[in-house]
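Listed here are the chains, written in short residue letters.
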Amino acid sequence: MDVFECVKTLSSIRSYVSKAVPDTVVREVIEAGRLAPSAHNDQPWQFVLVRDKTVLKGLETYCISGRFVSEVDFAVVVLTDPASKWHEIDGTRAVQNMVLTAWSRKLGSCWIGRLDREGLMKYLGIPGSLNVLTVLPFGYFDERRAGAVKNRKPPGQAFHLNRFGNREIK
Ligand SMILES: Cc1cc2nc3c(=O)[nH]c(=O)nc-3n(C[C@H](O)[C@H](O)[C@H](O)COP(=O)(O)O)c2cc1C
């Protein structure tokens, strides 16, 4: 799928179907994260790939605003290192790479922001020096649910031409 087509159709998916994702696709998704650009090329990230069904089920407890994590084929816990100044921005670029790559392979995802971070870190043995940016579930979904009209500010409320305030943009 063309990149802009991906961007236009991407939407957060919160309901999944039970279907295994091939290993090659799982690998592509995490590779997309690893290949992201970062400030000074610091690469201040670690990715915990969760594929074990029991461990996935256990994640549900810690994903307060994304209990659907237990429905997916795999999840990626995205960790960043606060020792690097732009760690959250860098981590977010890795997230977008992974989510778009997954979408191009017909896999849905959703940023899970409200987490019991302390509990999750204990559960997965994550060192206290790292920051849990998000947990990303990945799985196939009913494609009829995708492609909904995007609920976004209209261009006239987002774009300026040459100078702030000039709305004469085509
Ligand atoms: C930083 C961030 C945190 C988010 N946290 C959650 C979350 O905890 N649970 C959830 O269901 N969606 C979460 N989302 C998804 C947003 O609600 C979603 O992207 C937004 O409503 C736009 O919808 P769309 O992604 O379908 O276009 C989050 C998105 C971002 C970027």
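What you see as residue numbers is a count from 1 along each chain, following the sequence as written. Under the rules for a predicted model, residues below a pLDDT of 70 receive no local features and side-chain atom pairs below 80 are neither given nor counted, while totals for whole chains, interfaces and linings still include all residues. In computing side-chain properties, one takes all heavy atoms of the structure into account and sets aside hydrogens as well as water.

S.K.: Could you give an account of the nonpolar core, naming the residues involved and the relevant values?
M.R.: Only buried residues count toward a nonpolar core. Its members are Ala, Val, Leu, Ile, Met, Phe, Trp, Tyr and Cys residues joined through side-chain atoms within 4.5 Å. Burial here depends on accessible area, computed with a 1.4 Å probe over protein chains only, as a share of the maximum for the residue type. Under 20% is buried, over 50% is exposed, and the range in between is partly exposed. Ranked by internal contacts, the top residues of the largest apolar core, which has 44 residues, are Leu59, Phe74, Val77, Leu107, Val132, Val135 and Phe138. Helix numbering and strand numbering both begin at the N terminus, where a helix is a DSSP run of H or I of at least 4 residues and a strand a DSSP run of E of at least 2. Looking at this core, the elements with two or more residues in it are α2 (23-34), α3 (53-59), β2 (74-80), α4 (87-104), α5 (117-124) and β4 (131-139). Here a residue-residue contact requires only that any non-hydrogen atoms of the pair lie within 4.5 Å. In this view, Val135 contacts Leu59, Cys63, Val69, Ala75, Val76, Val77, Cys110, Trp111, Ile112, Leu115 and Leu120; residues no more than four positions away in its chain are not counted.

S.K.: So what's going on with the site of the ligand? Which residues, and what values?
M.R.: Around the ligand lies a shell formed by Ser11, Ser12, Arg14, Ser65, Phe68, Cys110, Trp111, Ile112, Gly113, Arg114 and Arg152. In protein, a polar contact requires one atom able to donate a hydrogen and another able to accept it; more generally it is a pair of N or O atoms within 3.5 Å, and residues adjacent in sequence count only if both atoms are side-chain atoms. The contact in question runs from an oxygen atom of the ligand to an N or O atom on the side chain of Arg152, over 2.8 Å. Only the protein chains shown count as cover for residues, and the accessible areas themselves come from Shrake-Rupley with a 1.4 Å probe. About the coverage of the ligand: the protein hides 55% of its 610 Å² of free accessible area. Classes in brief: Ala, Val, Leu, Ile, Met, Phe, Trp, Tyr, Cys and Pro nonpolar; Asp, Glu, Lys and Arg charged; the others, Gly included, polar. Tallied by class, residues from the shell around the ligand come to four nonpolar, four polar and three charged. By convention in these notes, a residue is near a molecule or strand provided one of its non-hydrogen atoms lies within 4 Å of it.

S.K.: Give a description of the pairing of β2 that names residues and reports values.
M.R.: Burial runs high along β2: seven of the seven residues are buried. Here, any two strands with at least 2 DSSP bridges between them count as paired. Across seven bridges, the pairing between β2 and β4 is antiparallel. By the bridge assignment for β4, Leu79 is matched with Val132.

Just geometry here; none of it tells us what the structure is for.
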